[in-house]
Amino acid sequence: ELKEIVFVIQSQSNSFHSKRAEDLRRDILKQAADLGKELPTVLLIHQIDRHEGAWTILPLMRDFSVTYGRNSSWIFFCEEDTRIQVVKLLETLRSFDKSKEWFLGKALYDEESTIIHHYAFAENPTVFKFPDFAAGWALSIPLVNKLAKKLKSEPLKSDFTIDLKHEIALYIWQKGEGPHLTPVPEFCTDDVNSYKVDHCATTFSNFLPLCGEPVNKEDVFVAVKTCRKFHGDRIPVVKQTWEREAALIEYYSDYADTSIPTIDLGVPNTDRGHCGKTFAILERFLNHTSPRIPWLVVVDDDTLISISRLRKLLSCYDPNEPVFLGERYGYGLGTGGYSYITGGGGMVFSRTAVQKLLASKCRCYSMDAPDDMVLGMCFSGLGIPITHSPLFHQARPMDYPKDYLSHQIPVSFHKHWNIDPVKVYFTWLAPNTEESHNGKRVGYNREDL
């Protein structure tokens with residue numbers, strides 16, 4: 001029965017995201033009402049729990065077990081842009097025995113072992129399947145109860161959350177003692193208007209959000225972190241690729257080089273973290289740029305980014321709110337901890353967020369502390385939630401499953417390691433898929449990368 005399904009929307013508290021999640025909640029309940037069925041429970045993750053780690057889902061299993069363990073059959077998770085055909089979803093779930101332990105989803109896998117999964121299953125990474133959250137995924141209540149029991153006896157380890165979908169699948173699998181992901185063809189990421197979706201219980205909006213006009217070029221200030229040893233190889237890549245998209249851009253280094261030009265912030269380069277440098281950039285943005293510039297983007301010199309896509313994305317956010325946007329990681333979330341925006345994919349700040357941060361006394365505990373983690377800790381302490389977008393990427397295109405990237409219009413990738421970064425930019429991020437490069441028309445095939 002529909003009332004035996006608990007829907008959990010992986011929502012966020014930022015006003016743009018919470019409205020989208022609320023719209024999806026209403027849609028699910030309307031479909032249920034139109035069927036004349038008893039209404040299911042629909043939860044928004046950001047409302048469930050003030051616990052900072054609610055988005056990592058596993059800490060919620062005990063609550064799910066206690067609250068829904070007797071009268072429900074399935075917990076169904078989805079993203080705010082997942083579209084659900086409730087009748088089809090019911091049919092799909094009915095084909096599985098609800099008294100057994102099931103982990104259902106659209107299967108992704110790594111074609112090659114990758115750093116973001118700590119090179120797991122290095123001999124043959126294709127054997128391990130994990131769910132594409134965009135298509136929705138489900139746990140049967142017997143499995144939820146089992147996970148809750150395990151979490152009670154063995155608390156979650158307090159370390160990093162980097163790719164939640166892979167880490168949840170690993171936790172459920174229990175080194176072969178728990179269930180593998182069962183692939184469900186009715187869980188889809190095709191666009192709702194695609195001819196392929198007749199059999200689909202779920203679809204996914206394949207688009208870059210746009211909420212009115214893109215923000216003006218002059219409303220985005222871009223800060224590139226670099227150092228003297230990379231002036232010769234990384235900065236030319238920025239200049240060949242995305243620099244032309246940025247109206248306001250400065251390069252911050254440990255050495256003033258007029259040919260680029262770079263600005264020496266007076267902070268020596270460190271081999272570890274760059275906290276001192278990043279806080280100096282934030283203070284410079286607040287004190288030395290026009291107060292009318294609402295957005296700051298901080299990137300590494302080996303970040304590849306589409307500023308034109310970012311301007312579309314930023315049209316959905318209110319710069320009067322303290323917005324801290326990018327790809328979300330977590331640290332120690334099983335035991336309190338905090339979330340942070342990982343630096344390599346690019347960190348986006350509203351001026352309001354920078355003002356609130358610098359007005360607080362939260363600063364680097366050492367100059368070479370990891371800047372992204374310190375910022376996460378500071379914003380967490382201020383009660384300012386970070387805002388996650390899966391369109392920012394800490395790694396290279398080949399570090400992600402092709403099927404995962406196929407329903408994205410990415411904003412950034414990171415690292416030049418073993419790739420041609422110029423080619424990656426023009427394939428994945430350039431304003432047009434075919435871009436004029438060195439006077440020649442070039443087009444690249446994403447399958448090659």
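- You'll find the protein chain entered in an unreviewed UniProt entry as Beta-1,3-glucosyltransferase, with Menura novaehollandiae given as the organism.
- Under the Pathway (unreviewed entry) heading, UniProt states for the protein chain: "Protein modification; protein glycosylation."

### Overview of the nonpolar core
Then comes step 1: The biggest cluster of nonpolar side chains holds 83 residues, and the ones touching the most others in it are M61, F64 and L139.
Then comes step 2: Discounting chain neighbours no more than four positions away, the residues touching L139 are M61, S73, W74, I75, F77, W102, F103, V144, L147 and I172.

### So, the pattern of salt bridges
Then comes step 1: Scanning the entire structure with this criterion turns up 21 salt bridges.
Then comes step 2: Among the salt bridges present, the one from D403 reaches K106, with a minimum N-O distance of 3.0 Å. Of this pair, D403 sits in helix α12 (residues 402-405) while K106 sits in the loop between β5 (103-105) and β6 (107-108), placing them 297 residues apart in sequence.
Then comes step 3: Sharing partners across several salt bridges, the network here consists of K19, D23 and R26.

### Quick word on the UniProt feature "domain: Fringe-like glycosyltransferase" (unreviewed entry) in the protein chain
Then comes step 1: Look at the UniProt record and you will see "domain: Fringe-like glycosyltransferase" (unreviewed entry) annotated at residues 68-151 and 214-424.
Then comes step 2: Helix makes up 25% of residues 68-151 and strand 23%, with an end-to-end C-alpha separation of 17 Å.
Then comes step 3: Between the end C-alpha atoms of residues 214-424 the distance is 24 Å, and the span holds 27% helix and 21% strand.

### Description of the sheet that holds strand β8 (residues 137-140)
Picture the strands of a sheet paired through backbone hydrogen bonds; they go either parallel or antiparallel.
Then comes step 1: Pairing in this open sheet of six strands is mixed, and the strands run β2-β1-β3-β8-β5-β10 from one edge to the other. Each end of this open sheet is capped by a strand with a single partner; those strands are β2 (41-44) and β10 (182-183).
Then comes step 2: Helix α5 (residues 141-153) contacts β3 (74-78), β5 and β8 of the sheet and is inclined by roughly 75 degrees relative to β8.

### Some points on helix α3 (residues 61-68)
Then comes step 1: Among the residues of α3, those classed as buried are M61, F64, S65 and Y68. For α3, the arc enclosing every buried residue in end-on projection is 105 degrees, short of the 170-degree limit, so these residues lie on one face. Exposed residues on α3 whose side chains face more than 90 degrees from its buried face are V66 and T67.
Then comes step 2: The inward-facing, buried residues of α3 contact β1 (5-9), β2, α2 (45-48), β3, β8 and α5.

### As for empty space enclosed by the protein
Then comes step 1: Counted under the stated rule, the structure contains three cavities of 30 Å³ or more.
Then comes step 2: Taken as a whole, the largest cavity holds about 790 Å³ of empty space.
Then comes step 3: Around the largest cavity, the lining comprises 38 residues; the ones closest to its centre are E79, H388, S389, P390 and Y404.
Then comes step 4: Mapped onto the lining of the largest cavity, the elements with two or more residues apiece are α1 (15-34), α6 (164-173) and β18 (328-331).

### Some words on helix α13 (residues 421-428)
Then comes step 1: The buried count for α13 comes to seven of eight residues, which makes it a mostly enclosed element.
Then comes step 2: Residues P421, V422, V424, Y425, F426, T427 and W428 constitute the buried set of α13.
Then comes step 3: Two or three places before V422, at the start of α13, stands the capping residue D420, its side-chain oxygen 3.1 Å from that residue's backbone nitrogen.

### Side note on the packing of aromatic side chains
Then comes step 1: One pass over the structure, following the stated rule, counts 24 aromatic pairs.
Then comes step 2: Residues F7 and F76 carry aromatic rings whose centres are separated by 5.9 Å and whose planes lie at 70 degrees to one another, so their mutual orientation is edge-to-face. Here F76 lies in strand β3 and F7 lies in strand β1, a separation of 69 residues in the sequence. Each member of the pair F7 and F76 is classed as buried.

### A few points about the packing of helix α8 (residues 275-288) against helix α10 (residues 351-359)
Then comes step 1: It is at 10 Å that the axes of α8 and α10 come closest, and there the two elements cross at 115 degrees. As α8 packs across α10, the resulting crossing turns out to be left-handed. Of the residues in α10, those in contact with F279, L282, E283, F285 and L286 of α8 are R351, V354, Q355, L357 and L358.
Then comes step 2: For the contact of α8 with α10, a count of residues per class yields seven nonpolar, one polar and two charged.

### Considering unusual backbone geometry
Then comes step 1: At the junction of I260 and P261, the peptide bond is cis and its omega measures out at -10 degrees in the coordinates.
Then comes step 2: Its place among the elements puts P261 in the loop between β13 (248-253) and β14 (262-264).
Then comes step 3: At Q174, a residue that is not glycine, the phi angle is positive and equals roughly 50 degrees.
Then comes step 4: With respect to the helices and strands, the residue Q174 is situated in the loop between α6 and β10.
Then comes step 5: Its identity as a non-glycine residue notwithstanding, K415 has a phi of 90 degrees, on the positive side.
Then comes step 6: Of note, K415 is situated in the loop between β22 (412-414) and α13.

### Some thoughts on the sheet that holds β18
Then comes step 1: Strand order in the open sheet formed by three strands is β9-β18-β19, and the pairing between neighbours is antiparallel. Taken across any chain shown, the strands that pair with only one partner, and hence form the sheet edges, are β9 (160-161) and β19 (338-341).
Then comes step 2: Pairing geometry for β9 and β18, over two bridges, is antiparallel. Bridge pairing in β18 places F160 opposite Y331.
Then comes step 3: Running at roughly 130 degrees to β19, helix α11 (residues 371-381) makes contact with β9, β18 and β19 of the sheet.

Reading the values: rules and limits
- Residues numbered from 1 in each chain as written.
- Predicted model: local features only at pLDDT ≥ 70, side-chain atom pairs only at ≥ 80, totals over all residues.
- Heavy atoms only, no water.
- UniProt positions renumbered as here; feature names shortened; annotations may be inferred.
- Core = buried A, V, L, I, M, F, W, Y, C linked by side-chain atoms within 4.5 Å.
- Buried < 20%, exposed > 50% of the residue type's maximum accessible area, 1.4 Å probe, protein only.
- Contact = heavy atoms within 4.5 Å.
- Salt bridge = Lys/Arg side-chain N within 4 Å of Asp/Glu carboxyl O.
- Helix = DSSP H or I, 4+ residues; strand = E, 2+ residues; numbered from the N terminus.
- Pairing = 2+ DSSP bridges.
- Axes fitted to C-alpha atoms, helices over the stretch in contact; angles between N-to-C directions.
- Arc of directions from axis to C-beta.
- 1 Å grid on protein atoms, 1.4 Å probe; cavity = no way out; pocket = protein on both sides within 12 Å on 5 of 7 lines; lining within 4 Å.
- Points joined across faces, edges and corners; volume = space filled by probe spheres on them.
- Polar contact = N/O pair within 3.5 Å; in protein donor to acceptor, adjacent residues only side chain to side chain.
- Phe/Tyr/Trp six-rings, centres within 6.5 Å; stacked < 30°, edge-to-face > 60°.
- Left-handed = near helix turned anticlockwise from the far one by under 90°.
- Nonpolar A, V, L, I, M, F, W, Y, C, P; charged D, E, K, R; others polar.

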